[in-house]
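Given next are the chains, with one letter for each unit.
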Amino acid sequence: MSAESPAGGPAPRRLIVVGSGIAGLYSALLAADAGVEVVLLTKGALADSNTYYAQGGISAVLDEPAPGDTVAAHIADTLKAGAGHCDEEAVRVLCTEARLDIAGLERFGVRFDMDDDGDPSLGLEAAHSAPRILHAGGDATGAGVARALIKTVLDAQAAGRIQVIGHAQVTSLAQSEGRVAGVNFLHDGREFAIRGDAVLLATGGAGRLFAQTTNPAVATADGLALAWRAGAAVADLEFFQFHPTCMVLPADALEAAGNGAEPLLISEAVRGEGAILLDAHGERFMPAYHPDAELAPRDVVSRSIALHLATLGDPNGHVFLDAMVVEALHGKGYLEKRFPTISARTRQAGVDWTRELVPVAPAAHYWMGGVLADLYGRTSVPGLLAAGEVACTGVHGANRLASNSLLEGLVFGRRAVEAFLAGSSAGPSARGGVSPDAVPPLAVSAASGLPLTLASGTPSVDDGTLGSRGTSETPANMGWEFELVPAPGPIEVSFGEAGPLSRVALRRLMTANAGVLRHGGLLREAGAVLGGWGAADNPVNVPDSLDPREHEDANLLLAAQLLVHSARERRESLGAHYRSDSVPGNAAVEHSDKRYTMSRKASLVND
């Protein structure tokens, strides 16, 4: 198919941003403020993102923190939740620079909730040692942040500083002379191309891999698939976080909604306020699984629910969230005031949570793994940057700490723009290390009220290699190719029957075989079925179709194969990756601090 360019020829210093969540919107605004020509593509409306649906807040230790709270404590909490698998330098950057980007959000119109004294209202969430969670609009923080950023982006578009292309399904990354030089995309049933100096992927996650998810319909692993096909390294794909408390709709509501029924996320903050979990017998069970009970890390709570249901002989059942204790503690009307969105949504589903228990179960929520990126968002492919959930900087380790995801999109989205401004968006390789000083400091920060500009001076020497995740030892880049793709190195062998992909069947398969609880046999079975679907339509190839859904299907299948392969290779349980057949040692990933990294071109190295 021929490609057309609706925006004309390429202009100097053009940054193409793909995705309109917090990382994409914030990065686009910072780049535009610095005088960069910005093209922002989103495959739906600007509000179609995981960010918009985020109920939890943004964690940050401010200049005037809660009593006893420190940046060091935020770092320690993040490292603890990450189960020893975090990149410590990435965590230090995230927690230290958080307050700068909170100020940056305020500069772009975000207004955070205040307490009665006019100070920021700081909430406590699971696995945080102190109240440090900022909210905007109570339990609708994501929507509040997104609306403010979208308004500012639209103002910038009206001023001619940002070009927004909505309902644009990016199908592939254009490459020239060894670097990414633009994107090809579908829009209104036609194929277009646009060229630029670099592409920043901010496409979010892949919750639609699973039958129950908190993610909107756009979360179909598009960015991961784009990067993989372009040869970028990916990492930590075995670590997928399941939010433990998503409302299970009553049977009549589920029947009325049909297949389009969306589970309602019951925010971590509700348990932070004192809500507890009960089983079908009315017994509180979390204290038997972890000393922090309901405030344990998310992977622990999700796994505990799954294990407890299994012991009760109801593995596909649900437990109950008791929020009535919160109302009793704080007084009548507190839940409505503190959690207006959840209160309204539960009522719509036929449950008055001030007087009734809420049925809940785990649902796919956040992917810790993604496109391997350094501390400035640079991937292993020159010209390709990544920030937010699509990226893997190592900051979340094996399990993300609550309310660190929106913060990650801000901090590393800004740093990706800094790399672009410094002219160092050339991709480091998937081996070796990169100097933390590879990008020169900026003259001003996002919090200063002035545009980002480059400081004077010459950038320090960049050795062109990717950071080694906080250790002196570089993780091996494991070569791997899909079935039917001749290449040296380890391969997945499929004995599944070839056939067309069913998205419903894919989601059920991933939930049953690669969800909260995993086992080697279940993962092998999943690999075989996925291989059968892949034999019919190899997801490594870009579909020759003008139907966006066919591209999403290919992306989901590709992501599922990558996830299952990674889960099989890490045979020892760690963080959100739990295998009931966990066997220490003699595994492809022998140490928890090692990152399992794959690249489509890696097998050439192992030849």
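These figures come from a predicted structure and were not determined experimentally.

Visitor: Would you mind showing me how to read the sheet that holds strand 13 (residues 264–265) here?
Guide: Picture the strands of a sheet paired through backbone hydrogen bonds; they go either parallel or antiparallel. Ordered by their spatial adjacency, five strands build an open sheet running 13-12-16-15-14, and the pairing between neighbours is antiparallel. The open sheet has two free edges, formed respectively by strand 13 and strand 14 (276–278), since each of these has just one partner strand. Across three bridges, the pairing between strand 14 and strand 15 (residues 319–322) is antiparallel. Bridging across to strand 15, L277 finds its partner in L321.

Visitor: Where do I start with the sheet that holds strand 7 (residues 169–176) in this structure?
Guide: Pairing is antiparallel across the open sheet formed by three strands, whose spatial order is 7-8-9. Two strands lie at the open edges of the sheet, namely strand 7 and strand 9 (190–195), each paired on one side alone. Shown here is a sheet whose adjacent strand axes are inclined to one another by a mean of 25°, direction ignored. Note: strand 7 against strand 8 (residues 179–187), seven bridges, orientation antiparallel. Bridging across to strand 8, S172 finds its partner in N184. Packing against the sheet, helix 15 (residues 548–569) makes contact with strand 7 and strand 8, and its axis sits at approximately 70° to strand 7.

Visitor: Explain helix 1 (residues 22–33) to me, please; I cannot follow it from the model alone.
Guide: One full turn of an α-helix is made of 3.6 residues, so residues set three or four places apart face in the same direction. Taking 1.5 Å as the rise per residue, helix 1 with 12 residues should run 16 Å; its terminal C-alpha atoms sit 16 Å apart, in good agreement. Among the 12 residues that make up helix 1, 11 are buried, leaving the element largely enclosed by the rest of the structure. Among the residues of helix 1, those classed as buried are I22, A23, G24, L25, Y26, S27, A28, L29, L30, A31 and A32. Looking one or two places after helix 1, you find G35, whose phi comes out positive at around 90°.

Visitor: Looking at this structure, how should I read helix 11 (residues 340–348)?
Guide: When helix 11 is considered as a whole, its buried residues turn out to be I342, S343 and T346. Taken end-on, helix 11 shows its buried residues confined to a sector of 100°, consistent with a single buried face. On its buried side, helix 11 packs onto strand 12 (240–247), strand 13, helix 7 (268–272) and helix 10 (334–338). Phi turns positive one or two residues past the end of helix 11, at G350, with a value near 90°.

Visitor: What exactly am I supposed to notice about the pattern of salt bridges here?
Guide: As a working rule, side chains carrying opposite charge can pair if their charged atoms are close by. Scanning the entire structure with this criterion turns up 26 salt bridges. The shortest N-O distance in the salt bridge between R414 and E418 comes to 2.9 Å. Of this pair, R414 and E418 both sit in helix 12 (residues 405–421), four residues apart, roughly one helical turn. Via salt bridges that share partners, K43, D222, R503, E552 and D553 belong to a single interconnected network.

How each quantity is defined
- Residues numbered from 1 in each chain as written.
- Predicted model: local features only at pLDDT ≥ 70, side-chain atom pairs only at ≥ 80, totals over all residues.
- Heavy atoms only, no water.
- Pairing = 2+ DSSP bridges.
- Helix = DSSP H or I, 4+ residues; strand = E, 2+ residues; numbered from the N terminus.
- Axes fitted to C-alpha atoms, helices over the stretch in contact; angles between N-to-C directions.
- Contact = heavy atoms within 4.5 Å.
- Expected span 1.5 Å × (residues − 1).
- Buried < 20%, exposed > 50% of the residue type's maximum accessible area, 1.4 Å probe, protein only.
- Arc of directions from axis to C-beta.
- Salt bridge = Lys/Arg side-chain N within 4 Å of Asp/Glu carboxyl O.

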